[in-house]
Amino acid sequence: MSYQVLARKWRPRRFAEVVGQSHVIQALQNALERDQLHHAYLFTGTRGVGKTTLARIFAKALNCERGVGREPCGECTACREIDDGRFVDLLEVDAASRSKVEQTRELLDNVPYAPTRGRYKVYLIDEVHMFSQGSFNALLKTLEEPPPHVKFLLATTDPQRLPVTVLSRCLQFNLQRLGREPIAGHLGRLLAAEGVAHDVPALDLLAAAADGSVRDALSLLDQAIAFGGGEVREAAVREMLGTVTGDASAVLLRALAAGDGAGILDEIARLAGHTSDMAGVLGEVLGLLHRVAVVQQIAGIEEDETVTALAREIPPEDLQLFYQIGVLGRQELDLAPDPRTGLEMVLLRMLAFRPDGARAAPRQAAPAEAQAPRAPAEAAAVRAEAPTRVAADQATAGGELDWHALVARLGLKGIARELADNCEVRAHAEGRLELRLDPACQNLRVPGAEQRLVRALRQHLGEGTEVRIQVAAPGGETPAQRATRERAERQREAERRFAADPLVNALGEELGAEVVPGSVRPARVGNKP
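Residues numbered from 1 in each chain as written. Predicted model: local features only at pLDDT ≥ 70, side-chain atom pairs only at ≥ 80, totals over all residues. Heavy atoms only, no water.

Colleague: Quick question: what am I supposed to make of the overall build of the chain here?
Modeller: Along its length, the chain carries 23 helices and eight strands. By sequence separation, contacts in the chain at least 24 residues apart represent 72% of the contacts at least 6 residues apart. For the chain, the exposed area adds up to about 27700 Å²; of that, 50% sits on carbon and sulfur atoms. (Helix = DSSP H or I, 4+ residues; strand = E, 2+ residues; numbered from the N terminus. Contact = heavy atoms within 4.5 Å. Areas by Shrake-Rupley, 256 points an atom, 1.4 Å probe, with all protein chains shown as cover.)

The following block contains the structure:
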């Protein structure tokens, strides 16, 4: 006997065998049991979620020789013939190949006649949205006054293309995309029945690649069995799918946390030698970001050491920014010159859009104050060094603190750095520091950011320093305001120099060239434009 693909061999034949879609199954079974049957049903959903499968099971339940009930018997002549695709009163139509109005009228000509063998004559029209307007008009006339012995089962992946007049005459059931867990569980039960050795992680990879479609999952499983020589193992499935390991995702996230743009490009270059699926790489990164975010926000979550370490290394606000940029960037990968370039730009954009001052220099370790907690002996040395640091930060003879210099040395990132940049010193005395926060930036005063700022200040000013932040209009210039002013000054100077350039003037006089507004940019100095 020839080999039968798994998607056909294991196609559900009863409602109980369908994976998921319990909300649809329950409604259909209740209607069958209580004999409250509508004349037209519309099943919608993405590919491979069970639209036509449910329609066939429903058709069997309607025509089962043992009577209409919650489940077809699967043993009578009608049930077996429907399973084999040769039941004379079940007319299955692919609307994509019969979209012309003449074909639809020919199909519906036999509607008035009673069924030949079954209880109902059932019309199962797949991809009904492919009908022409004339075909819909012909179908609508039948739907308005259908004979009692006819049932219409319509299936579509695009219900928006159906006329509202058709939609209003159907009971509509929206089938959901399935998650990884139910698909992976279904694959595991199937392989156990087939006697095929397998790894659970391999099934998770196949379920993720199926993207909510059971049919696609079974097709991939067929391919994985062939690729693995009769077994389904994680390494073989990764090679078949061209997916990356979690280690590569973690390497990319560590480079993001360190502001290491060169490290990001190096890792992507390495991955490009193993896979061409850059969208899959970005998906793995986003999945890891989600796991890290869960650990950060929910106490008691158990995760592996890699995820736990990343949860400590990446500030929560930076992580949320990375995720948002990644999700948006995933939609743009197809627009990039090539997938690798697109992935590189998405990850580099994550670095570029971090708040000013949050980016570390490439290939450099983070400042000592921002690294992991110090050992007791090292912490004691820091406390002993604090008076010297304080002395270095005194800007005037009267002891006012040079806040701008101190902020630059704190090594803060993310919102904590923005919070510090928008404050000024209101009062400073031994053991106490009062800061004034610009009211326009009080939304930066979130607990996590404020706590990191206080910890960093105590490392520089002494562990016992009391730090208070008051929201009030600054009397002087905050670091953020100074940075804005300096950028404006550099911009004006760049525009002045550009306008005075002899070549620019010659181009304007001889060729009528004009400077595009906003196109002049000052040269970069270090990390500053």
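Colleague: Quick question: what am I supposed to make of the nonpolar core here?
Modeller: Leu-252, Leu-253, Leu-256, Ile-264 and Leu-347 are the most contacted members of the largest nonpolar core, which totals 33 residues. Of all elements in the fold, only α12 (246-257), α13 (261-272), α14 (278-297), α15 (305-313), α16 (316-330) and α17 (339-352) reach the threshold of two or more residues within this core. In terms of residues, this core owes the most to one element, α14, which gives ten residues. If near-sequence neighbours (up to four positions away) are discounted, Leu-347 is found in contact with Leu-252, Leu-256, Ile-264 and Ile-268. Residues Ile-25, Ile-57, Cys-79 and Tyr-120 belong to the second largest nonpolar core, which totals 30 residues. (Core = buried A, V, L, I, M, F, W, Y, C linked by side-chain atoms within 4.5 Å. Buried < 20%, exposed > 50% of the residue type's maximum accessible area, 1.4 Å probe, protein only.)

Colleague: I'm lost on the packing of aromatic side chains in this one. Help?
Modeller: Aromatic rings considered in pairs are described by the distance between their centres and by the relative angle of their planes. Using the criterion set out here, one finds five aromatic pairs in the structure. Their ring planes at 25° and their centres at 6.0 Å tell us that Phe-43 and Phe-173 sit as a pair that is stacked. In this pair, Phe-43 is assigned in strand β1 (residues 40-44) and Phe-173 in strand β5 (residues 171-174), connecting sequence segments 130 residues apart. Residues Phe-43 and Phe-173 agree in their burial class; the two are buried. Judged by centre distance (5.3 Å) and plane angle (20°), the ring pair of Tyr-123 and Phe-152 falls under stacked. One end of the pair, Tyr-123, is in strand β3 (residues 121-126); the other, Phe-152, is in strand β4 (residues 150-156), with 29 residues separating them in the sequence. Per residue, the accessibility class of Tyr-123 equals that of Phe-152, and both read buried. Joined through ring pairs, the aromatic side chains of Tyr-41, Phe-43, Phe-58 and Phe-173 make up one cluster. (Phe/Tyr/Trp six-rings, centres within 6.5 Å; stacked < 30°, edge-to-face > 60°.)

Colleague: For this particular structure, what's the right way to read the sheet that holds strand β6 (residues 423-429)?
Modeller: In sheet architecture, strand pairing relies on hydrogen bonds along the backbone and comes in two forms, parallel and antiparallel. If you trace the three strands from one edge of the open sheet to the other, you get β6-β7-β8, paired in mixed fashion. Single-partner strands in this sheet number two, and they are β6 and β8 (466-471). Here the strands of the sheet are splayed against their neighbours by 20° on average, with no regard to which way each runs. (Pairing = 2+ DSSP bridges. Axes fitted to C-alpha atoms, helices over the stretch in contact; angles between N-to-C directions.)

Colleague: Before we go on, may I ask you to explain unusual backbone geometry in this structure?
Modeller: Only a minority of non-glycine residues have a phi that is not negative, and only a minority of peptide bonds are not trans. At Gln-21, a position not held by glycine, the phi torsion is positive, near 60°. Looking at the element boundaries, Gln-21 is found in the loop between α1 (6-9) and α2 (22-33). Look at Gln-21 and you get buried, because its relative accessible area is 4%. Positive phi is not limited to glycine here, since Glu-127 has a value of about 50°.

Colleague: What should I look at first to understand the pairing of β3 in this one?
Modeller: For a regular strand, side-chain orientation follows a simple rule: the groups alternate between the two sheet faces. The element β3 is extensively covered by neighbouring structure, given that five of its six residues are classed as buried. The pairing of β3 with β4 spans five bridges and is parallel. Opposite Lys-121, over in β4, you have Val-150 as the bridge partner.

Colleague: Hey, could you run me through the pattern of salt bridges in this one?
Modeller: In a structure, side chains of opposite charge can pair up when their charged atoms sit close to one another. Under the counting rule described, the total for this entry stands at 31 salt bridges. The salt bridge involving Arg-177 is made with Asp-211; its shortest N-O contact spans 2.4 Å. Residue Arg-177 is located in the loop between β5 and α8 (180-194), and its partner Asp-211 is located in the loop between α9 (200-210) and α10 (214-227); the two are separated by 34 residues in the primary sequence. Residue classification places Arg-177 among the partly exposed positions, given a relative accessible area of 47%. The partly exposed category is assigned to Asp-211, whose relative accessible area is 38%. It is possible to trace a salt-bridge network through shared partners that takes in Glu-81, Asp-84, Arg-86 and Arg-117. (Salt bridge = Lys/Arg side-chain N within 4 Å of Asp/Glu carboxyl O.)

Colleague: Would you mind showing me how to read α17 here?
Modeller: Two residues of an α-helix separated by three or four positions point the same way, owing to the 3.6 residues in each turn. Here α17 is 14 residues long and its end C-alpha atoms lie 20 Å apart, about the 20 Å a rise of 1.5 Å per residue gives. Of the positions making up α17, those classed as buried are Gly-342, Leu-343, Glu-344, Val-346, Leu-347, Met-350 and Leu-351. (Expected span 1.5 Å × (residues − 1).)

Colleague: How should I be thinking about a nonpolar patch on the surface in this particular structure?
Modeller: Where nonpolar side chains cluster on the molecular surface, the patch consists of Leu-503, Leu-507 and Leu-511 and spans about 320 Å² of accessible area. Here Leu-511 shows up in helix α23 (residues 502-511). Leu-511 gets classed as exposed once you look at its relative accessible area, which sits at 66%. (Patch = residues over 30% accessible without salt bridge, like charges linked within 9 Å, V, L, I, M, F, W, Y side chains within 5 Å.)

Colleague: I tried to follow the packing of helix α20 (residues 414-421) against helix α21 (residues 447-461) on my own but got confused; where do I start?
Modeller: Geometrically, a packed helix pair is captured by the angle between its two axes and the distance between the axes. In the contact formed by α20 and α21, the axes pass within 8 Å of each other and the chain directions differ by 70°. Regarding the angle of α20 to α21, the classification is roughly perpendicular. In this structure, the crossing between α20 and α21 has a hand that is right-handed. Between α20, through Ile-415, Ala-416, Leu-419 and Ala-420, and α21, the contact on the second element is made entirely by Ala-449, Glu-450, Arg-452 and Leu-453. Split by residue class, the contact of α20 with α21 holds six nonpolar, no polar and two charged. (Parallel < 35°, antiparallel > 145°, perpendicular 65-115°, else oblique. Left-handed = near helix turned anticlockwise from the far one by under 90°. Nonpolar A, V, L, I, M, F, W, Y, C, P; charged D, E, K, R; others polar.)

Colleague: Looking at this model, I keep getting lost on the sheet that holds β3. Mind explaining?
Modeller: Judged by pairing direction, the sheet is parallel, and its five strands sit side by side in the order β2-β3-β4-β1-β5 without closing on themselves. With one partner strand each, in any of the chains shown, β2 (90-94) and β5 form the two edges of the open sheet. The mean inter-strand angle of the sheet, taken between neighbouring strand axes irrespective of direction, is 15°. Relative to β3, β2 runs parallel, the two being bridged by five bridges. Its bridge partner being in β3, Glu-92 is matched across the sheet by Leu-124.

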